Amino acid sequence: MQSDKQKILVTHAIFPDVIARLQTHFDVEVNDSGTALTEAELIRRGADKDGLMVIGDRIPAELIAQAPRLKALANMAVGYNNLPLDAMTPRGIVGTNTPDVLNETTADLGWALLMATARRITEAEHYLRAGKWQSWHYDMLTGVDIHGATLGVVGMGRIGQAVARRALGFGMRVIYHNRSQVAPEIEQALHAEWVDRDTLLRQADHVVLVLPYTPQAHHLIGARELQLMKPTATLVNIARGGIVDDAALVTALREKRIAGAGLDVFEGEPALHPGLLELNNVVLTPHIGSASIPTRRAMANLAADNLIAALGVGPHAGNPPNVVNPDARLHRPASGGAQA
Ligand code: DGY
């Protein structure tokens, strides 16, 4: 029997209870293959859908052109550079994201990488597992200190502030760079001082990148910027691949121009610059910034809330809480679009 429910595609398996909640409103198709859909599959399976719940996929603009009923793409992430907003907005297709619910979990991972990089934890474990620990040397696996050091946060949004807040417990000086200075009361609470980007790179002992990816942020950290950093400094990227020029970073790490890097995100991920795998002074994780069970659950529920509302049903019908392209409303067709 033909259902009159709107159709959605969930691009990867998620919590069954979240799928069940979506099923009360929609005909739900889930890609539970365990692998990412190819671009061609996304286009084919998205073509007859009213909405998509997007989990980590880069959505091709071509899908927007091929899907006449499409009204909303709900991203299960705070970053949304994987959505083709330029194609979506003129069609009145709403994009949403999942801010806030992952701030603390992502900041935790930033600190895990910072500490693992500064204290060479991965390298030390490999050393031990390889049976190389035979005796004590005064400089065996010596790293750099975190307590009392200077933390440089690039991008002082909600996650950046959560990273900076943790530095208080380590007695660190905190400097930050952001397009605009944050409110004085936030600076005061975090003991954080705004500096220009080059000053931050010159002065920080540990640099953490927490800014959104935009075309302007592409290769923000390249050979020149790495050259400005202290040879004892570490660099952590929990933001997005492409903000760091990975080839330039591999060269800097190989030549020990900085002490180490902790990376959760990569240019062209899940592929990695092959040079990264050959280095000891790097700690690598596969984009797990938000990967705690409670946070992933909160993200899945928020993405579902957004999609339900964007497709004009549920308690917030027509008013999804986290729209990233508000101008889409200006282009919505008089009928047949999301009911806002
Ligand atoms: C986000 O939410 O942007 C995280 O990086 C997970 O993709």
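All figures in this text were calculated on a predicted structure; none of them were measured in a lab.

K.L.:
How should the side chain of asparagine 325 be read in this particular structure?
P.N.:
Examined against the element boundaries, asparagine 325 turns out to sit in the segment after α13 (293–310). The buried category is assigned to asparagine 325, whose relative accessible area is 4%. Beyond its immediate stretch of four places on either side in the chain, asparagine 325 contacts Leu85, Met88, Thr89, Ile93, Val94 and Gly95.

K.L.:
Explain the sheet that holds strand β10 (residues 234–237) to me, please; I cannot follow it from the model alone.
P.N.:
The strands making up a sheet are joined through hydrogen bonds of the backbone, oriented either antiparallel or parallel. Judged by pairing direction, the sheet is parallel, and its seven strands sit side by side in the order β8-β7-β6-β9-β10-β11-β12 without closing on themselves. Both outer strands of the open sheet, β8 (192–194) and β12 (282–284), are each paired with one neighbouring strand and no more. The mean angle between the axes of side-by-side strands here comes to 20°, regardless of whether they run parallel or antiparallel. Summarising the sheet, strand β9 (residues 206–209) and β10 pair through four bridges and their orientation is parallel. Bridge pairing in β10 links valine 207 to leucine 235. This element, helix α7 (residues 158–167), spans β6 (150–154), β7 (173–177) and β9 of the sheet and lies at about 175° to β6. Sitting on the sheet, helix α11 (residues 246–254) is in contact with β10, β11 (260–263) and β12, with an inclination near 140° to β11.

K.L.:
Any chance you could explain the site of the ligand here in plain terms?
P.N.:
In the neighbourhood of the ligand, the contacting residues comprise Ala77, Val78, Gly79, Leu102, Arg240, His287, Ser290 and Met299. Contacts to the ligand include glycine 79, whose backbone N or O atom sits 2.9 Å from an oxygen atom. With respect to the ligand, the side chain of histidine 287 contributes an N or O atom lying 2.7 Å from an oxygen atom. In isolation the ligand exposes 230 Å². Once the protein is present, 84% of that is buried. Its residues assigned to classes, the shell around the ligand comprises four nonpolar, three polar and one charged.

K.L.:
Quick question: what am I supposed to make of the packing of helix α1 (residues 16–23) against α13 here?
P.N.:
In a pair of packed helices, the angle between the axes and the distance between the axes together describe the arrangement. At a closest axis distance of 10 Å, the pairing of α1 and α13 adopts a crossing angle of 10°. It follows from the interaxial angle that α1 and α13 lie roughly parallel. Facing Asp17, Val18, Arg21 and Leu22 of α1, the residues of α13 in contact are Arg297, Ala300, Asn301, Ala304, Asp305 and Ile308.

K.L.:
Explain the side chain of asparagine 281 to me, please; I cannot follow it from the model alone.
P.N.:
Among the secondary structure elements, asparagine 281 is positioned in the loop between α12 (274–277) and β12. At 3.0 Å, the side chain of asparagine 281 forms a polar contact with the backbone oxygen of leucine 253. Residue contacts for asparagine 281: discarding those within four places in its chain leaves Leu253, Lys256, Ile258, Ala259, Gly260 and Ala261.

K.L.:
Before we go on, may I ask you to explain the pairing of β9 in this structure?
P.N.:
Working note: regular strand, side chains alternate between the two faces of the sheet. Along β9, one buried face is formed by His206 and Val208 and the opposite face, lined by Val207 and Leu209, is buried too. The sheet contact formed by β6 and β9 spans four bridges and is parallel. When the bridges of β9 are listed, glycine 152 appears paired with valine 207. Once you follow β9 into helix α10 (residues 223–228) and on to β10, the crossover reads as right-handed.

K.L.:
What is the right way to read the packing of helix α5 (residues 103–118) against α7 from this model?
P.N.:
For the pair α5 and α7, the least separation of the axes is 8 Å and the interaxial angle reads 55°. By the angle class used here, α5 and α7 are oblique. Crossing handedness for the pair α5 and α7: right-handed. Residues Asn103, Glu104, Thr106, Ala107, Asp108 and Trp111 of α5 form the contact with α7, whose own contacting residues are Arg158, Ile159, Ala162, Val163, Arg165, Arg166 and Ala167. Split by residue class, the contact of α5 with α7 holds six nonpolar, two polar and five charged.

K.L.:
How should I be thinking about the domain arrangement of the protein chain in this particular structure?
P.N.:
When the parts of a complex come together, some accessible area is lost, and that lost area is often used as the size of the interface. Looking at the protein chain, the domain boundaries give domain 1 (6–101 + 293–331) and domain 2 (103–284). The gap between the C-alpha centroids of domain 1 and domain 2 is 32 Å. Facing the eight residues of domain 1 at the interface are six residues of domain 2. Buried area between domain 1 and domain 2, both sides added, is near 560 Å², and the carbon and sulfur share of it is 38%. The largest share of the area that domain 1 buries against domain 2 comes from Asn81, Asp100 and Thr295, three residues that together contribute 71% of it.

K.L.:
Where do I start with the sheet that holds strand β4 (residues 72–75) in this structure?
P.N.:
Ordered by their spatial adjacency, five strands build an open sheet running β2-β1-β3-β4-β5, and the pairing between neighbours is parallel. Looking at which strands have only one partner, the edges of the open sheet turn out to be β2 (26–30) and β5 (94–96). When the angles between neighbouring strand axes are averaged without regard to direction, this sheet yields 15°. In the sheet, strand β1 (residues 6–10) pairs with strand β3 (residues 51–54) via three bridges, with the strands oriented parallel. Bridge pairing in β3 links leucine 9 to leucine 52.

The rules behind each value
Residues numbered from 1 in each chain as written. Predicted model: local features only at pLDDT ≥ 70, side-chain atom pairs only at ≥ 80, totals over all residues. Heavy atoms only, no water. Helix = DSSP H or I, 4+ residues; strand = E, 2+ residues; numbered from the N terminus. Buried < 20%, exposed > 50% of the residue type's maximum accessible area, 1.4 Å probe, protein only. Contact = heavy atoms within 4.5 Å. Pairing = 2+ DSSP bridges. Axes fitted to C-alpha atoms, helices over the stretch in contact; angles between N-to-C directions. Near = heavy atom within 4 Å. Polar contact = N/O pair within 3.5 Å; in protein donor to acceptor, adjacent residues only side chain to side chain. Areas by Shrake-Rupley, 256 points an atom, 1.4 Å probe, with all protein chains shown as cover. Nonpolar A, V, L, I, M, F, W, Y, C, P; charged D, E, K, R; others polar. Parallel < 35°, antiparallel > 145°, perpendicular 65-115°, else oblique. Right-handed = clockwise from strand over helix to strand, strands pointing away. Left-handed = near helix turned anticlockwise from the far one by under 90°. Domains from an automatic or database assignment. Buried area = accessible area lost by both parts, 1.4 Å probe.

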